[in-house]
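Inside the fold
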Amino acid sequence: MEISEQNVKGEAHILCYSFAIQGHLNPILQFCKRLASKGLKVTLVSTISASSKLIKTQSCSSIDVELLDVELRDTPNNSKEGERDESQHYFEHYKTIVAPSLAAFIENQMSSNYPPKFLVYDSIIPWALDITKRFGIDGAPFFTQSWSCNTIYYQFYREKSKVNAFEDQAMVLVPSLPPLKINELPSFLNGSGTYPSIIDLCLNQFSNIEEVNWLFFSSFDKLEEGAITWMATQLPVKAIGPTIPSKYLDNRLKNDKDYGLNLFKPNTETCLKWLDSKQPASVIYVSFGSLAALEKNQMEEIAWGLKNSNIFFLWVVRESECEKLPENFSEETSEKGLVVSWCCQLEVLAHESVGCFMTHCGWNSTLEAISVGVPIVAMPQWADQPTNAKFIEDVWGVGMRARGNGEGIVKREEIEVCVREVMEGERGKEIKRNSKKWKDLAKEAVDEGGSTDKNIQEFVAKVLYM
Ligand code: UDP
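Below you will find a few notes about this structure. (Residues numbered from 1 in each chain as written. Predicted model: local features only at pLDDT ≥ 70, side-chain atom pairs only at ≥ 80, totals over all residues. Heavy atoms only, no water.)

Regarding the overall build of the protein chain
When helices and strands are counted, the protein chain shows 15 helices and 15 strands. Over its C-alpha trace the protein chain gives a radius of gyration of 21 Å, about what one expects of a compact globule, namely 23 Å for 466 residues. Judged by the C-alpha coordinates and their principal axes, the protein chain covers about 60 × 50 × 40 Å. A total of 466 residues make up the protein chain; the buried ones form 60% of that total. Of the contacts made within the protein chain by residues no fewer than 6 positions apart, 70% connect residues no fewer than 24 positions apart. Carbon and sulfur atoms form 47% of the exposed surface of the protein chain, whose accessible area is close to 19000 Å². Within the protein chain, one finds 48 positive and 62 negative side-chain charges whose respective centroids are separated by 4 Å. (Helix = DSSP H or I, 4+ residues; strand = E, 2+ residues; numbered from the N terminus. Rg over C-alpha atoms; globule rule 2.2 N^0.38 Å. Buried < 20%, exposed > 50% of the residue type's maximum accessible area, 1.4 Å probe, protein only. Contact = heavy atoms within 4.5 Å. Areas by Shrake-Rupley, 256 points an atom, 1.4 Å probe, with all protein chains shown as cover. Lys, Arg positive; Asp, Glu negative; His and termini not counted. Charge placed at Lys NZ, Arg CZ, Asp CG, Glu CD.)

Written as structure tokens, this is what we have:
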């Protein structure tokens, strides 16, 4: 049965708040669309970004989008300069500015024709729950990382572990997860002591978790069965993913072919035209997401690794990263490669010419590759990415990790070996079989009667009767 976006909006209005970065907006926005397709009136709330405006497309027409007009600095990324202070000050500043503005917004909505009944909030602002209580409505967090990763943070939070607690252990044991090496933990917990304020942010997601009746996250039951089943014995967790546009999964939401809110302008036509001219499964798509800031020598190694592989490549290099490319690289490799500043990633991944995705393993990119069945070369940078890479390689078997040398730099030879193996090698064949399996399971989860579909339906039914 097809779900129409034109569903008559019910009386029940819910708000969803997202931190204004692409990796949070995309999954929360998709959740909003699913809720709207089941009859709720949904308003997505975020902030206007300091550096760029949100570009809205037709595919989010089923929901309302409201941006709080607040003065915020740029979001910290993983660049080395001033790393500690930058993020510490940023998140203190964020709360001071956003909390009153969000409260004022909700207050205003309470006296509208559609007073909201519920706030789904980005899990990195657990303080939003206090705001909802002031207005007598309920709230629940939305986690934008993998559930396995959250299980690690939760364990850390519960045990009140010191950040360097695992430093001396060869393997870290977290209930329900495979044994993890230190460098397979989220980078903030690997004992290096960098980004202390982001560690607080990750652990504080659980600070008031006993008070909520729902915890949402973008994953699906079969993908993270162990972690989800284990956590379900302690907390009301609900997997509602993969949160990617419906066209690439069940195709039940009309015109849902992209996310719909872009912080960067995509070069869609250039990419698709270029891909159209290539053979099936002949291109490596390379992207490190919206935040990663690579070392200059790492960018150079990637550039020469791609060139030496002699395989076609489409590489997203954000404007802020462009200066790190070797001089005249784009011009000199134009026969084999296309470098763009941003693209519509899902359309690219789903294109038949793409045979492999070299990624930083951000959670959305990982889920997108799994959902469309594209094999991965994993090059994690920071945060949850090393853990995602571990699962990609060893648990789901959908890719291969390109490993760094002693200084953490992935050399050109390693890159060449990995892309060749995934695209053309024996191991690649097994990876392709696994990718197909997980793609089918992702679709099954969101399709009518699947585990994700049921979880969303259950929540909507509760909100409608609140
Ligand atoms: N993305 C995109 N175009 C690009 C690169 C990335 O649309 O050229 C999207 C991608 O589809 C994903 C998001 O940006 O949904 C990045 O999120 P992810 O969690 O993978 O990484 P982050 O940017 O948060 O590090």
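Remarks on the pairing of strand β10 (residues 283-287)
The buried fraction of β10 is high, at five of five residues. Of the two faces of β10, both are covered, the one formed by V283, Y285 and S287 as well as the one formed by I284 and V286. Summarising the sheet, β10 and strand β11 (residues 312-316) pair through four bridges and their orientation is parallel. Looking at the pairing, I284 lines up with F313 of β11. Each parallel crossover has a hand, and the one from β10 via helix α8 (residues 296-309) to β11 is right-handed. (Pairing = 2+ DSSP bridges. Right-handed = clockwise from strand over helix to strand, strands pointing away.)

As for helix α13 (residues 412-424)
With 13 residues, α13 extends 18 Å from end C-alpha to end C-alpha; this agrees with the ideal 18 Å at 1.5 Å per step. Considered for burial, the residues of α13 that qualify are I415, C418, V419, V422 and M423. All buried residues of α13 fall inside an arc of 115° around its axis, so they share one side. Packing partners of the buried residues in α13 comprise β10, α8, β13 (354-359), β14 (376-378), β15 (399-401) and α14 (426-446). (Expected span 1.5 Å × (residues − 1). Arc of directions from axis to C-beta.)

As for the sheet that holds β13
Spatially, β12-β11-β10-β13-β14-β15 is the arrangement adopted by the six strands of the open sheet, whose pairing is parallel. On the outer flanks of this sheet lie β12 (337-340) and β15, each paired with one strand and no other. Ignoring which end each strand starts from, the neighbouring axes of this sheet average 15° apart. Contacts from α8 reach β10, β11 and β13, with the element oriented near 160° to β11. (Axes fitted to C-alpha atoms, helices over the stretch in contact; angles between N-to-C directions.)

Concerning the packing of α13 against α14
Any two packed helices are characterised by how steeply their axes cross, that is the angle between the axes, and by the distance between the axes. The geometry of α13 relative to α14 is characterised by a closest axis approach of 5 Å and an angle of 60° between their N-to-C directions. As far as their axial angle goes, α14 and α13 are oblique. The two elements α13 and α14 cross, and the hand of that crossing is right-handed. Of the residues in α14, those in contact with E421, V422, M423 and E424 of α13 are E426, R427, G428, I431 and K432. Taken together, the residues that form the contact of α13 with α14 break down as three nonpolar, one polar and five charged. (Parallel < 35°, antiparallel > 145°, perpendicular 65-115°, else oblique. Left-handed = near helix turned anticlockwise from the far one by under 90°. Nonpolar A, V, L, I, M, F, W, Y, C, P; charged D, E, K, R; others polar.)

Some points on the nonpolar core
Core analysis: the biggest nonpolar cluster contains 132 residues, and I14, Y17, L35, L314 and F459 have the highest contact counts within it. Considering each element in turn, this core owes the most residues, nine residues, to helix α2 (residues 83-110). By size, the runner-up hydrophobic cluster in this structure holds 28 residues, among which are I311, W315, V419 and M423. (Core = buried A, V, L, I, M, F, W, Y, C linked by side-chain atoms within 4.5 Å.)

Examining the layout of surface pockets
The volume enclosed by the second largest pocket comes to roughly 1000 Å³. For the second largest pocket, the lining is made up of 50 residues, of which Q22, G23, H24, S290 and N364 are closest to its centre. Counting residues per element, the ones that place at least two in the lining of the second largest pocket are α1 (22-37), α5 (196-204), β10, α10 (345-349) and α11 (363-372). (1 Å grid on protein atoms, 1.4 Å probe; cavity = no way out; pocket = protein on both sides within 12 Å on 5 of 7 lines; lining within 4 Å. Points joined across faces, edges and corners; volume = space filled by probe spheres on them.)

Concerning the pairing of strand β6 (residues 138-143)
For β6, a buried count of five out of six residues is recorded, marking the element as mostly surrounded by other parts of the structure. Both strand β5 (residues 118-122) and β6 contribute to a ladder of five bridges, which runs parallel. By the bridge assignment, V120 is partnered in β6 with A140. Handedness of the β-α-β unit built from β5, helix α3 (residues 128-134) and β6 comes out right-handed.

Points about empty space enclosed by the protein
Counted according to the given criterion, the structure contains two cavities of 30 Å³ or more. Size it by volume and the largest cavity reaches roughly 80 Å³. Lining the largest cavity are F288, G289, A292, L294, M299, W315, V316, V317, R318 and E321. One number sums up the size of the second largest cavity: a volume of about 50 Å³. In terms of lining residues, the second largest cavity is bounded by Q30, F31, R34, I240, G241, P242, T243, I244, V446, T452 and I456. For the lining of the second largest cavity, the secondary structure elements donating two or more residues are α1 and α15 (451-464). At three residues, α1 tops the list of elements feeding residues into the lining of the second largest cavity. Counted by class, the lining of the second largest cavity contains six nonpolar, four polar and one charged residues.

All quantities given are derived from atomic positions and should not be read as evidence of function.
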